[in-house]
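What follows is each chain in one-letter form.
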Amino acid sequence: MSIFDVVPVTAEDHRRRARRRVPRFLFDYLDGAANDELTLRANVSDVRALRLKQRVMRDVSSVSTDCEMLGFKARMPLVLAPVGMAGIYARRGEVQGARAAGNQQVPFTLSTVGICPLEEVQAATHAPFWFQLYMLRDREFILRLLQRAKAAGCTTLAFTVDLPLPGMRLRDYRNGMLGGGLPGKLSKLAQLAISPAWAWDVGIKGKPHTFGNIAEKIPNPEDLDLYKTFIDSQFDPSCTWDDIRWLREQWEGKLLVKGVMEADDARAAVDAGCDAVLVSNHGARQLDSVASSIAKLPGVVDAVGEQVEVYVDGGIRSGIDTVKALCLGARGVFLGRPWIYALASRGQAGVEQLLELFQKEMATAMALMGVNCLEELGPDLLD
Ligand SMILES: Cc1cc2nc3c(=O)[nH]c(=O)nc-3n(C[C@H](O)[C@H](O)[C@H](O)COP(=O)(O)O)c2cc1C
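Residues numbered from 1 in each chain as written. Predicted model: local features only at pLDDT ≥ 70, side-chain atom pairs only at ≥ 80, totals over all residues. Heavy atoms only, no water.

*Asks:* Before we move on, could you go through the packing of helix 14 (residues 319-327) against helix 15 (residues 337-369) and cite the residues and values that matter?
*Replies:* Running from N to C, helix 14 and helix 15 cross one another at 55°; their axes reach a closest spacing of 7 Å. Considering their axes alone, helix 14 and helix 15 lie oblique with respect to each other. Crossing of helix 14 against helix 15: the hand is right-handed. Residues G319, I320, T322, V323 and C327 of helix 14 touch helix 15, and the partners they reach there are F358, E361, M362, A365 and M369. (Axes fitted to C-alpha atoms, helices over the stretch in contact; angles between N-to-C directions. Helix = DSSP H or I, 4+ residues; strand = E, 2+ residues; numbered from the N terminus. Parallel < 35°, antiparallel > 145°, perpendicular 65-115°, else oblique. Left-handed = near helix turned anticlockwise from the far one by under 90°. Contact = heavy atoms within 4.5 Å.)

Right under this line is the structure:
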């Protein structure tokens, strides 16, 4: 951006502002991915490499991006993905994200490890939102969480299956976010000292920084090292499809399985009773060198697209990227980093502006491709 670019417009513009605003270790936690970040780059570049067909003279006077996703009537085929600790990127960040999503009529998904608890998000919004769940060893606690999600009016449960353990995110070690001993602590203090706007707005005025939904399970949730210890000890790596069957019996709402990449896993998810699958590699934060999610989308659509709704996330950075994913058979896309970049950069207003931009980009692309509704998008419109 030059000095004359005064207004952040794209996800990348917000990313640059976020980098200046939040402490380095938090920016890296958001921006980074597993190991050498090969899949992170592939997620973005594989979407970018797809080419659309321009078609002309087809009466595009009634272009609409309206759609329905798991019973949610949305203005566009976008969902705000669950992002742990979103509330550390802006003051009470999950509330701001949920309000932005409500105003733009798209679903918001609250992470198990969000800062704001279910009840706070519910109190702050009118639109129903979705809840993302990780399987913890303590099933009684899971049942209580499900009851809380139901009581908060959550209509869809997104159950994440690609995190039996956290991936190796090397930036978190390098910058002292995790471990690092005394040098790590000093480095974090220095990073906080050069982020005064964030320190005042979020660090001081945005408290408490507890993991609202699971606060009772972590002795001192403000300590990130203890949070990692908690994940290591509480997340259940012994999970199988039988647990999804169990979950299906417990949860009456819609069930989306988040994090399948292979057709046979998608079939297993459908057999276990889910209503939707999300093709995802967790934003490249888990297995580095796995394929991009967009590359895996067609295989999953072929396998289960007739039975359940199929979604994708990873590397979607614009409305045009969204149109490409729909051409490959996705019902909608989840946005991870882009909404947090916008949140960190300009709060709720930033997220709303970004969603508005995506909607306009989609509608414009559709008109230039000669289609009026999302159902008309298909592989024939990719070059
Ligand atoms: C900082 C960060 C935290 C995340 N936390 C969660 C989480 O708590 N639960 C979850 O299911 N996925 C989580 N994800 C993955 C996102 O939901 C989503 O799958 C991914 O970000 C999509 O890729 P994108 O960032 O390229 O859009 C997280 C992603 C990021 C970047």
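*Asks:* Break down the site of the ligand for me, citing the residues and quoting the values.
*Replies:* For the ligand, the set of nearby residues contains 23 residues, the closest of which are P82, S111, Y134, T160 and D313. G84 has a polar backbone atom sitting 2.9 Å from a nitrogen atom of the ligand. Measuring from a nitrogen atom of the ligand, one finds a side-chain N or O atom of Q132 at 3.2 Å. Notes on the ligand: free accessible area 600 Å², of which the protein chains cover 99%. Taking a 2 Å distance to the grid points as the criterion, the majority of the atoms of the ligand fall inside the largest cavity. Those elements that provide at least two residues to the shell around the ligand are helix 2 (24-31) and helix 15. (Near = heavy atom within 4 Å. Polar contact = N/O pair within 3.5 Å; in protein donor to acceptor, adjacent residues only side chain to side chain. Areas by Shrake-Rupley, 256 points an atom, 1.4 Å probe, with all protein chains shown as cover. 1 Å grid on protein atoms, 1.4 Å probe; cavity = no way out; pocket = protein on both sides within 12 Å on 5 of 7 lines; lining within 4 Å. Sits in = over half its atoms within 2 Å of the grid points.)

*Asks:* Go over the packing of helix 6 (residues 139-151) against helix 11 (residues 241-250), please, and point to the residues and values.
*Replies:* Look at helix 6 against helix 11: their axes get within 11 Å of each other, and the N-to-C directions meet at 40°. By the angle class used here, helix 6 and helix 11 are oblique. Crossing geometry of helix 6 relative to helix 11 is assigned as right-handed. On the side of helix 6, the interface is formed by R139, I142, L143 and L146, while helix 11 contributes D243, W246, L247 and Q250. Here the residues of the contact of helix 6 with helix 11 are counted per class, giving five nonpolar, one polar and two charged. (Nonpolar A, V, L, I, M, F, W, Y, C, P; charged D, E, K, R; others polar.)

*Asks:* Please give an account of helix 12 (residues 263-271) that cites residues and values.
*Replies:* Taken residue by residue, helix 12 has A266, A268, A269 and V270 as its buried positions. In this structure, the buried residues of helix 12 make contact with helix 11, strand 7 (254-260), strand 8 (276-279) and helix 13 (293-304). (Buried < 20%, exposed > 50% of the residue type's maximum accessible area, 1.4 Å probe, protein only.)

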